[in-house]
Number of protein chains: 2
Amino acid sequence: MAKIPYKTYLTEEEMPKQWYNIRADMKEQHDPLLNPGTLQPLATEDLYPVFCEELCKQEMDSTTRYIDIPEQILDYYKTFRPSPLIRAYHLEKALGTPAKIYFKFEGNNTSGSHKLNAAAAMAYYAKEQGLKSLTTETGAGQWGTALSMACAYFGLDLTVFMVKVSFNQKPFRKAVMETYGAKIIPSPSDTTQVGRAMLANDPNTGGSLGCAISEAIELSMGDDNCRYALGSVLNQVLLHQSIIGLESKIAMEKLGEYPDVVIGCAGGGSNLGGLMSAFMQDKLTGKSNARFIAVEPASCPSMTRGKYAYDFCDTGKITPLARMYTLGSDFMPSPNHAGGLRYHGMSPILSKLYHDKYLEAISVDQNKVFDAATMFCKLEQILPAPESSHAIYGAIQEALKCKETGEAKTILFGLTGTGYFDMPAYMQYNEGKMTDYIPTDADLQRGFDGLPKVD
Amino acid sequence: MAKIPYKTYLTEEEMPKQWYNIRADMKEQHDPLLNPGTLQPLATEDLYPVFCEELCKQEMDSTTRYIDIPEQILDYYKTFRPSPLIRAYHLEKALGTPAKIYFKFEGNNTSGSHKLNAAAAMAYYAKEQGLKSLTTETGAGQWGTALSMACAYFGLDLTVFMVKVSFNQKPFRKAVMETYGAKIIPSPSDTTQVGRAMLANDPNTGGSLGCAISEAIELSMGDDNCRYALGSVLNQVLLHQSIIGLESKIAMEKLGEYPDVVIGCAGGGSNLGGLMSAFMQDKLTGKSNARFIAVEPASCPSMTRGKYAYDFCDTGKITPLARMYTLGSDFMPSPNHAGGLRYHGMSPILSKLYHDKYLEAISVDQNKVFDAATMFCKLEQILPAPESSHAIYGAIQEALKCKETGEAKTILFGLTGTGYFDMPAYMQYNEGKMTDYIPTDADLQRGFDGLPKVD
């Protein structure tokens, strides 16, 4: 066989034309979303005030295995897809591992991350429904940038609530979103009830993703031509992100490869859920015995140290309840945690798969993450996002295990994005000033104490 | 014929294995480099104290048409090449033009630009010669980042003199270079004689590329294990950048296309020289009648308003003299000019081709550049570097002419890079605060008065 190329791109004809809905192959579904007032399962229509109708249907659809990607989204995908599957030859050599390491690189677009895959769908369906605008939140900024880009492309207005600590740290992220025409508000803000209450409680708060979600939903609920869009956690997001795994699988098939281990960083689960989808299908249907590993920050360890329980998806406690691994919607990671992956919960689908032992999880502190990031950027020449670097760390660990055992395993990890807007964190690390805060059991207990009483 | 895809990538097998030396096909060569003391033509050996020997040979070689790209550079190229040739369908539609617009996008790498093509060669040959370190200068930061990446990959130390105005405006550019292990010094600095003299003359100067070049050369001259590397202007740089045009030509051939017009931004000429190379060969050999257009900033108009004369390549007047279009080595563009393209001269090869009417040139003020950039980023979804946006502006002008005449011309332009580290300039533009300073004839005369007396 010819030597495997450094990068493998699909042709535009080879690109997947359908998303894959992993729920259709899960033996058990995750527990239903609940109305927080009645504690009764939510109907699809109950979500219509919040999301576009088509997205609500996708959110609740656990049976349709493949869903056609609309032509206009396929066209839009071509502006930044296919993404390359890259063989990390230089990393392999430096580690001296017999393992073959591949990564799917989703950062070659202006949002700098995989988030654009889902943003595309949200903007498209909003336009199709005749809406004029969307609202959303952003933490590290990738999601806000992605939705700004998609809204500019499809012709929608967008308001982004940006977690205040990021708003202050990342003026250039804000400037990118504004260049695409979005309006950016630091959260908590005085433009919403939720925001005003948060500020009254702590005027100096740096904000949280959960609070920014509450504000974005509150603003959208007041305007019939507006809906809310969320970039992670949701089933619809995992559906749209399935393009990552589908492309990866086609590319690996072309190379005669199949992963023994699939590794992704996990904040809300959008990337790992998408990357692993097509491979997890094989595992769910008994065709593969691959391992799947979620890597999360030690400072926000929703799977490794969280509870599997019903919880709100936001800090303001205005969303439906989802059963998921959670640290409690009041939990806020320490502000010295860099980048994203600071959400208190985890995708209900990923939570269920983790609970049912299809998926493993590890956590890592951020100095080790930046060790991995810095090693990777010199070898593979891509400066990774802090989030993505969690997956690099996980892949290196697995490759080093192979070095010990002599096994030539095939490792696939998701390189979700680039770190060009995360340089303050790299500067901290380069200067030896990076710290981390790993929550104590008492810290976590405070979050668990706030969980709604459902079970 | 099938519809032309949005993006065309070559396979790794299709990637060029040789650089193309345009001098081998030029009917007349540019005038020789001169020793500034004796005013005699320079011998290849005279350059050995400054550059690696192999690069000196390439610099002076006007006859070898194709030069093999060393295997290790080909391997390195695969970390960021091939770059896509993209059909700007969305821009065409928005302009309502019958023209077909293509762009070669060189920004999908961490340096954010085409500069890595030449940096790869400079680091490789330095390593081959057994050197330990390189010095260079950087203005907007792309070149410094590119050389930092290549030096990290090939295992060399690097000192970068960064023009002070950029050093202050772009702390994150500095951080990227440092993450790759480079040492960054703001220029002018007190570490060199040239720098100290500049500071004595004007302690508040923002610096210039010409001065940073002088400092980098001075530092390298004091260390026998160190040489200097320059990212533009030189013949060797155009040679290494020829990969851009060679790839573009192969990709266009696959699509059954050939450009009627080739457009690039021009500061020192590295990108345009590389992009146009393979197509200019056809023009020089009578096989094509394509037009070639350099787009330069109105604030630093070396071709459109400069003199074709012998001049120093640096402000410190320590380099050989090159005959080129120049504003005088004392010329400094206004600090309110964003991004790069602020060099006082122009590649001797491009200068000669311009002088001999193979190449046209236009200049544009930066508000119009950012109008084009903002339009492009919403339509084609890539946030372009200010430098690259000069070429976008040029392409839009040509496409609008086609709209008037009804001609379905094929336009190819170079999108040299991304603007992720140029957000302060976008913020100025977004806030309506962007200004420009177009030099008066008297301003230019002051630069011309400083030209060395040779002719």
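Residues numbered from 1 in each chain as written. Chains lettered and ligands numbered in written order. Predicted model: local features only at pLDDT ≥ 70, side-chain atom pairs only at ≥ 80, totals over all residues. Heavy atoms only, no water.

Section: the packing of aromatic side chains
Describing an aromatic ring pair means giving the distance of the ring centres and the angle of the ring planes. Residues and elements named next belong to chain A. Keep this limit in mind: Here a Phe, Tyr or Trp ring, Trp counted by its six-membered ring, pairs with any other such ring whose centre lies within 6.5 Å, and the pair is stacked when the planes are under 30 degrees apart, edge-to-face when over 60, and tilted otherwise. Here the term buried applies to any residue with accessible area under 20% of the maximum for its type, exposed to any over 50%, and partly exposed to those in between, with areas from a 1.4 Å probe on protein chains only.
According to the stated counting rule, one finds 41 aromatic pairs over all chains in the structure shown. Between tyrosine 76 and phenylalanine 80 the ring centres are 5.5 Å apart and the planes differ by 70 degrees, which places this aromatic pair in the edge-to-face class. In this structure tyrosine 76 comes out as buried when scored by relative accessible area, which is 0%. Seen from their ring centres, tyrosine 77 and phenylalanine 80 are 5.8 Å apart, and the 85 degrees between their planes marks the pair as edge-to-face.

Considering the confidence of the model for chain A
The criterion, for reference: How sure the predictor is of each residue is captured by pLDDT, a score from 0 to 100.
Summary statistics for chain A give a mean pLDDT of 95 and a share of 99% for residues scoring 70 or more. Scored as a complex, the prediction yields pTM 0.96 and ipTM 0.95.

Overview of the side chain of serine 248 of chain B
The line we're drawing: Labels follow the DSSP assignment, with helices taken as runs of H or I lasting at least four residues and strands as runs of E lasting at least two, numbered in each case from the N terminus. Whether two residues are in contact is decided by their heavy atoms: any pair within 4.5 Å suffices.
The topology assignment puts serine 248 of chain B in helix 10 (residues 235-255). If sequence neighbours within four positions are ignored, serine 248 of chain B has contacts with Leu85, Lys104, Leu275, Phe279 and Leu412 of chain B.

A short note on the sheet that holds strand 11 (residues 291-297) of chain B
Residues and elements named next belong to chain B. Applied cut-off: Pairing between strands requires that DSSP locate at least two bridges from one strand to the other. Axes here refer to lines fitted to C-alpha atoms; in helices the fit is confined to the stretch in contact. Angles between the N-to-C directions go from 0 to 180 degrees.
Ordered by their spatial adjacency, seven strands build an open sheet running 1-4-5-15-10-11-14, and the pairing between neighbours is mixed. One side of each edge strand has no neighbouring strand; the edge strands of this open sheet are strand 1 (7-8) and strand 14 (360-364). Sheet analysis places strand 5 (residues 100-105) next to strand 15 (residues 410-415), joined by six bridges and oriented parallel. In the sheet register, phenylalanine 105 faces strand 15, and the bridge partner there is leucine 415. Strand contacts of helix 10: strand 1, strand 4 (85-87), strand 5 and strand 15, with the helix running at about 140 degrees to strand 5, the strand carrying the most contacts. Sheet strands touched by helix 11 (residues 270-284): strand 5, strand 10 (261-265), strand 11 and strand 15. Its angle to strand 10, the strand with the most contacts, is close to 160 degrees.

Describing the environment of glycine 339 of chain A
All names here are of chain A. Assignment of secondary structure puts glycine 339 in the loop between strand 13 (321-326) and helix 13 (348-355). Look at glycine 339 and you get buried, because its relative accessible area is 16%. Considered as a pair, glycine 339 and alanine 251 are 88 residues apart in the sequence and their alpha carbons are 30 Å apart. With residues up to four places along the chain from it excluded, the contact list for glycine 339 reads Ala140, Pro386, Glu387 and Asp422.

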